[in-house]
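Summary of structural features
Given next are the chains, with one letter for each unit.
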Amino acid sequence: MMVHIPQVLSAEQVSHCREVFARATWEDGRGTAGHQSARVKKNLQLPEGGPEARALGDLVLGGLEKSPLFISAVLPRRVFPPLFNRYEPHMAFGSHVDNAIRPLPGGAERLRTDVSATLFLSEPDSYDGGELVVEDTYGSHAVKLPAGDLIVYPASSLHHVTPITRGARLASFFWVQSMVRDVSQRALLFDLDMAIMRLNQEVPQSPSLVMLTGVYHNLLRQWSDP
Ligand code: NI
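Residues numbered from 1 in each chain as written. Predicted model: local features only at pLDDT ≥ 70, side-chain atom pairs only at ≥ 80, totals over all residues. Heavy atoms only, no water.

Structural notes on the coordination of the nickel ion
The following threshold applies: Only nitrogen, oxygen and sulfur atoms count as donors, using a 2.8 Å cut-off from the metal that widens to 3.2 Å for Na, K and Ca. Water is left out, so coordination shells may look unfilled. Counting from the N terminus, the helices are DSSP H or I runs at least four residues long and the strands are E runs at least two residues long. Only protein chains enter the accessibility calculation, which uses a 1.4 Å probe; a residue is then buried when its area is under 20% of its type maximum, exposed when over 50%, and partly exposed in between.
Bound to the nickel ion are the protein donor atoms His 96 (NE2), Asp 98 (OD) and His 159 (NE2), situated 2.1 Å from the metal. Positions of the donor residues of the nickel ion along the chain correspond to the pattern H-x1-D-x60-H. With Asp 98 in the loop between β7 (92-96) and β8 (101-103) and His 159 in strand β15 (residues 159-161), this pair connects stretches of sequence that are 61 residues apart. Accessibility expressed as a relative area gives 14% for Asp 98, which makes it buried.

Take a look at the structure:
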């Protein structure tokens, strides 16, 4: 299940990110890669835990908290502090699966990566290449979104970023541990929630709304690990 979540950051917030990026010192992106992915990863990152990544990460987390679509699609239990990357011409990230377990900053706790997320921070016409390509059972899906928009997809998916041929691609990326570990259960809950919201628009007085909302919460009660 891939879900496009528009406008997690406003145009003003996106330009603030880009101002900070212009002044920041970038480092080799292989620092946060696993053993296999380090061999296919070629990009730059803001230092993890550095002041820029922390401040901009809080901005991203604030946008996620205000997004009902993100919450419905992901059912977040906890979110890894967002990281930031930059791809310049000839940079790319070959096919890989993200690490299943990530130590949280401080090292005492760990997060299981159920959902991977990329928040685009460059306008699509400002660079060529740089599509995020996600493989699932229905084939491969190339994603390139307006600045400020987010894509979420199962962290179990093979994915890659195609080489940049012009300009620079700036993005934030992070992982989420969901209250609902199983992707098919998450997808059912998301579909049900979307149908309830639509019915609420179309037939606001429908008694079925109460029953369907009850079914949603009772499924969530069975499947979640809050
Ligand atoms: Ni990845």
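Now that the structure has been shown, we can carry on.
Considering the layout of surface pockets
The following threshold applies: In this analysis the probe radius is 1.4 Å and the grid spacing 1 Å, with only protein atoms considered; a cavity is a set of points the probe fits into but cannot get out of, a pocket is an open set with protein on both sides within 12 Å along at least five of seven lines, and lining residues have an atom within 4 Å of a point. Grid points are joined across faces, edges and corners, and a volume is the space filled by probe spheres set on the points. Amino acid classes used here: Ala, Val, Leu, Ile, Met, Phe, Trp, Tyr, Cys and Pro are nonpolar; Asp, Glu, Lys and Arg are charged; the rest, including Gly, are polar.
Reported here for the largest pocket is a volume of approximately 190 Å³. Lining the largest pocket, in full, are Glu 48, Gly 49, Ala 53, Arg 54, Gly 57, Asp 58, Leu 61, Phe 80, Pro 81, Pro 82, Leu 83 and Pro 105. The biggest single contributor to the lining of the largest pocket is helix α3 (residues 51-65), with 5 residues. For the lining of the largest pocket, the per-class residue count stands at 7 nonpolar, 2 polar and 3 charged.

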